[in-house]
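The residues making up each chain are set out below.
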Amino acid sequence: MKLLINETDFKENVKVAAALKFKPFETSIRKIQRKMLLPIFGQGLFDELVTAYEGTPSDVQKEVLQMIHPILANLALWLSAAGNNILWTDSGAQAKHSGDMKPAFQWQVKDAKKQYMDTGFDAIDELILFLEENKATYPTWITHTETRSRLINTALEFSQYVTIKRRLFEDLKPIISRVERDTITELLGATLYIQIKAQLLTDAGLNAANQNLLTDLQVVTAHLSYAQAVKELPVIIDETGVNLYNNAFSGNYEGTEPADSGRVHAIVSQHEQFAHIASTRLIKFLNANASTYADFTKSDHYIDPEEDEFDESESSIIDL
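Residues numbered from 1 in each chain as written. Predicted model: local features only at pLDDT ≥ 70, side-chain atom pairs only at ≥ 80, totals over all residues. Heavy atoms only, no water.

**So, the layout of surface pockets**
A volume near 470 Å³ is recorded for the largest pocket. For the lining of the largest pocket, the secondary structure elements donating two or more residues are α4 (106-133), α6 (155-158) and α9 (208-232). Looking at the lining of the largest pocket, its residues break down into nine nonpolar, nine polar and seven charged. (1 Å grid on protein atoms, 1.4 Å probe; cavity = no way out; pocket = protein on both sides within 12 Å on 5 of 7 lines; lining within 4 Å. Points joined across faces, edges and corners; volume = space filled by probe spheres on them. Helix = DSSP H or I, 4+ residues; strand = E, 2+ residues; numbered from the N terminus. Nonpolar A, V, L, I, M, F, W, Y, C, P; charged D, E, K, R; others polar.)

**Some points on the side chain of Asp 118**
Relative to the helices and strands, Asp 118 resides in helix α4. For Asp 118, a relative accessible area of 13% translates into the label buried. There is a polar contact of 2.7 Å between the side chain of Asp 118 and the side chain of Lys 114. (Buried < 20%, exposed > 50% of the residue type's maximum accessible area, 1.4 Å probe, protein only. Polar contact = N/O pair within 3.5 Å; in protein donor to acceptor, adjacent residues only side chain to side chain.)

**Some words on the environment of Asn 207**
By secondary structure assignment, the location of Asn 207 is in the loop between α8 (190-200) and α9. Distance from Asn 207 to Ile 196, taken between C-alpha atoms, is 8.7 Å for residues 11 residues apart in sequence. Of note is the side chain of Asn 207, whose polar atom sits 2.8 Å from the backbone nitrogen of Asn 210.

**Side note on empty space enclosed by the protein**
Taken as a whole, the largest cavity holds about 100 Å³ of empty space. The wall of the largest cavity is formed by 13 residues, among which Ile 40, Glu 146, Thr 147, Arg 166 and Lys 173 lie closest to the centre. Those elements giving two or more residues to the lining of the largest cavity turn out to be α2 (26-54) and α7 (166-188). When its residues are assigned to classes, the lining of the largest cavity shows five nonpolar, two polar and six charged.

**Quick word on the confidence of the model for the protein**
In the predicted model, the protein carries a mean pLDDT of 83, and 78% of its residues have values of at least 70. Of all the helices and strands in the protein, strand β4 (residues 243-245) carries the lowest mean pLDDT, 43, while α9 carries the highest, 95. Across residues 242-255, confidence stays below pLDDT 50; counting only partners more than four residues off in sequence or on other chains, it has 29 contacts. Overall, residues 312-317 carries pLDDT values under 50, and its contacts beyond four positions in sequence, including any with other chains, amount to six contacts. (pLDDT = per-residue confidence, 0-100. Contact = heavy atoms within 4.5 Å.)

**Overview of the packing of aromatic side chains**
The tally for this structure, following the rule as stated, stands at seven aromatic pairs. Every member of this aromatic cluster is reached through a ring pair, and the members are Phe 10, Phe 22 and Phe 25. (Phe/Tyr/Trp six-rings, centres within 6.5 Å; stacked < 30°, edge-to-face > 60°.)

**Observations regarding the packing of α2 against helix α3 (residues 59-78)**
Contact geometry for α2 and α3: axes closest at 11 Å, N-to-C directions at 165°. One element, α2, and the other, α3, form an angle in the roughly antiparallel class. Crossing of α2 against α3: the hand is left-handed. On α3, the residues that touch Ser 28, Ile 29, Ile 32, Gln 33, Leu 37, Phe 41, Glu 48, Leu 49, Ala 52 and Tyr 53 of α2 are Gln 61, Val 64, Leu 65, Ile 68, His 69, Ile 71, Leu 72, Leu 75 and Ala 76. (Axes fitted to C-alpha atoms, helices over the stretch in contact; angles between N-to-C directions. Parallel < 35°, antiparallel > 145°, perpendicular 65-115°, else oblique. Left-handed = near helix turned anticlockwise from the far one by under 90°.)

**Structural notes on the pattern of salt bridges**
Summed over the entire model, instances satisfying the criterion amount to 15 salt bridges. The salt bridge involving Arg 148 is made with Glu 132; its shortest N-O contact spans 3.9 Å. With a gap of 16 residues between them, Arg 148 in the loop between α5 (139-142) and α6 and Glu 132 in helix α4 connect regions that are remote in the sequence. Classification of Arg 148 by relative accessible area gives buried; the value is 7%. The class for Glu 132 is partly exposed, based on a relative accessible area of 29%. In this structure, Lys 231 engages Glu 272 in a salt bridge whose closest nitrogen and oxygen atoms are separated by 3.5 Å. Overall, the relative accessible area of 52% leaves Lys 231 in the exposed class. Salt bridges sharing common partners tie together Asp 125, Arg 166, Glu 170 and Lys 173. (Salt bridge = Lys/Arg side-chain N within 4 Å of Asp/Glu carboxyl O.)

**Thoughts on the packing of α7 against α9**
Axis separation between α7 and α9 bottoms out at 9 Å; the angle between their running directions is 130°. It follows from the interaxial angle that α7 and α9 lie oblique. In the crossing of α7 with α9, the sense of the turn from one axis to the other is right-handed. From α7, Leu 172, Ile 175, Ile 176, Arg 178, Val 179, Thr 183, Ile 184, Leu 187 and Leu 188 reach across to α9, where they touch Leu 217, Val 220, Thr 221, Leu 224, Ser 225, Gln 228, Ala 229 and Glu 232. Taken together, the residues of the contact of α7 with α9 break down into 11 nonpolar, four polar and two charged.

Written out as structure tokens, the structure is:
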């Protein structure tokens, strides 16, 4: 796989020593391209950008390439560590002390890695947002649906309900897909769920009726995914794990220790309750507007008004 960044562009996007050799970073860059960028672009647009970068890119291609370079440069350094007053040299991470370069302290390397990780992953969300806003300019991207296939597709969207970083969002994607497949499909019924998913992948997006459902669907998806992540991933929930900060310095510069089971249970219960409230509200709305949502009448949660009345107090109706 060809590189979408060369030594010159790499050094323009991150602070490194001028004499730093670029070649050792190529393996990390290829890995990031394969794992992070290829799924976003799809093979068609990815190959198009590689060809353009090796030749003479058009203005619209240059715009995307300029958004790619901060991702590749920062995440390549994240995998190796650097930042702030740290420079990468052929001797490793160096920090400036009174005019001299010396090996960086462990806490400096840790802070530098977080800086590069956050910068690189945040740039991925910015790239996706740019492509979505300018999809008419990039028709090859429109035909690639993986990046737009979920009810929540970016950390920016997820953070409207639960604040997270893009790095964690990458780990959450399979959980989000599972919540959609199991819980959301069961709430809406398979027919309405399939209809909504199909509309999300079109250029036009959701129709007005289904757009009215999106917020509650995202609330349920975000909070349930977060709750399940607390139980499943080694991640307060951030990139370091479910942690309680230890205020007493004990020689561990990271200053964290695993959260106790009671704290973890409280986090899970809180987010499951948020999801439950939203799902109850959603089902009540769908039953009240069943004439608009004919496909919902095929769901197990549809209440025929001639047979029964929907009772939002019946928690057994919605079992998350």
